[in-house]
Protein chains: 2
Amino acid sequence: MNSKSEIYNLLHDKGQRITHQKSILLDILLENTDIMLSVNDILGCISDSSIDATTIYRNMQAFTESGITETMIDHKGLNRYKICDSQPHHHMICTDCGKIINFPCETKFWEPYITENNFTETHHVIKIYGKCSDCVK
Amino acid sequence: MNSKSEIYNLLHDKGQRITHQKSILLDILLENTDIMLSVNDILGCISDSSIDATTIYRNMQAFTESGITETMIDHKGLNRYKICDSQPHHHMICTDCGKIINFPCETKFWEPYITENNFTETHHVIKIYGKCSDCVK
DNA sequence: TTAAATGCAAAATATTTGCACGTTG
DNA sequence: CAACGTGCAAATATTTTGCATTTAA
């Protein structure tokens, strides 16, 4: 999920229209792939405040339902969004500013517990929460 | 953190007073150690609605600052609370029936990445999704 | 042209704050 | 009795909803 035309095709397939507002929102998301953006962050990126907050909420929900964006709720209860990664990996997420640092998965230390419980893994999620070097100050 | 007297001692050490309201809240928390309770859940446990929501918010914050409770924000952005476990653990979650199986955290293989990025971890979440032994059949 | 998307206003929800009064130690 | 805790009311903040208007296809 890293080119605008790819996303446009996906939206088209879902019967959604390509609007001026969606185009701007996608530009902002594609320029910020390493941070989870709040609606307020996104508003701050729109210089002439040409998009209403309601429209941002509605489009972020639509994008998430279409698998274009992923979502989290930060330590203050704010929704944050980013474009989905094409490559799976894990995240350190700053609960203050939403910054994301990726790291690879190196072990599956839980394998014995899976076997023991006859559990069949389909996927796993590892997220490290805390403060990034800027926000810890 | 599993007996009321232990918690009372801790509160006393922190210079906090033992009030009727705190006593009731602790009873509710101690009777619900396997679920994260929202303020609304807690209100629902108080039959005669003798405690104001504000008091619950303030006490849950105080409990959390004292290390008595732990907190999370759920998928809807609601704060939820539970008495701290003596042992932290992670979850295998069956995507069919919702069953949860706990397992302990044995490694922090991501430590080098944290150090490298000057990240300050507050907590981490590891969830293994899949099917439990019953649902895989 | 017409169904979907948008902007604005208002509502809904969750949480926080100020302050007077009550209670604990 | 003195400090802390509580309840009530009002303020904040975020997100959602209703509806008339605009716009993409």
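Sequence order as written defines residue numbering, which begins from 1 separately in each chain. As they are written, the chains are lettered A onward and the ligands numbered 1 onward, keeping that order. Owing to the predicted nature of the model, reporting of local features is limited to residues with pLDDT of at least 70; listing and counting of side-chain atom pairs is limited to 80 or more, with chain, interface and lining totals taken over all residues. Only hydrogens and water are set aside; all other atoms, that is, all heavy atoms of the structure, feed into the side-chain values.

Visitor: I'd like a rundown of the domain arrangement of chain A, residues and numbers included.
Guide: Residue and element names in this part refer to chain A. Note: domain ranges come from an automatic or database domain assignment. Taken domain by domain, chain A comprises domain 1 (4–83) and domain 2 (89–136). Distance between the C-alpha centres of domain 1 and domain 2: 24 Å. Taken together, the contacts link nine residues of domain 1 with nine residues of domain 2. The term buried area means the drop in 1.4 Å probe accessible area that two parts suffer when joined, counted for both and summed. Where domain 1 abuts domain 2, roughly 750 Å² becomes buried across the two surfaces, and 57% of that area is made up of carbon and sulfur atoms. Among the residues of domain 1 in contact with domain 2, Asp 34, Met 72 and His 75 are the three that bury the most area, contributing 50% of the side total. Any carboxyl oxygen of Asp or Glu within 4 Å of a side-chain nitrogen of Lys or Arg constitutes a salt bridge here. Put simply, domain 1 and domain 2 have zero salt bridges between them. Each polar contact in these results corresponds to two N or O atoms within 3.5 Å; when the atoms are within protein, one needs to be able to donate a hydrogen and the other to accept it, and residues that are neighboring in sequence are counted only if both atoms are side-chain atoms. At the junction of domain 1 and domain 2, the tally comes to six residue pairs in polar contact (both at pLDDT 80 or more). Runs of E in the DSSP output that reach at least two residues are strands. Runs of H or I that reach at least four are helices, and both are numbered from the N terminus. When residues of the side of domain 1 that touches domain 2 are traced back to their parent elements, those giving at least two are β2 (69–73) and β3 (79–83). For the side of domain 1 that touches domain 2, the residue count by class is three nonpolar, one polar and five charged. Note on contacts: a residue pair qualifies if any of its non-hydrogen atoms lie within 4.5 Å across the two residues. Three classes are used, and their members are as follows: Ala, Val, Leu, Ile, Met, Phe, Trp, Tyr, Cys and Pro are nonpolar, Asp, Glu, Lys and Arg are charged, and the others, Gly among them, are polar.

Visitor: Account for the packing of helix α2 (residues 20–30) of chain A against helix α4 (residues 53–65) of chain A, naming residues and giving values.
Guide: Residue and element names in this part refer to chain A. Here an axis means a line fitted to C-alpha atoms, over the contact stretch when the element is a helix, while the angle between two N-to-C directions is reported on a 0 to 180 degree scale. With their axes 11 Å apart at the nearest point, α2 and α4 run at an angle of 70 degrees to one another. As judged from the angle between their axes, α2 and α4 are roughly perpendicular. Read as a crossing pair, α2 and α4 show a hand that is right-handed. Judged by residue contacts, Gln 21, Lys 22, Leu 25, Leu 26 and Leu 29 of α2 engage Thr 55, Ile 56, Asn 59, Met 60 and Phe 63 from α4. Residues belonging to the contact of α2 with α4 are distributed by class as follows: six nonpolar, three polar and one charged. Under this scheme an angle from 65 to 115 degrees is roughly perpendicular, one under 35 degrees roughly parallel, and one over 145 degrees roughly antiparallel; angles in between are oblique. Definitions for this section: a left-handed crossing has its near helix turned counterclockwise from the far helix by less than a right angle. A right-handed crossing has that turn clockwise.

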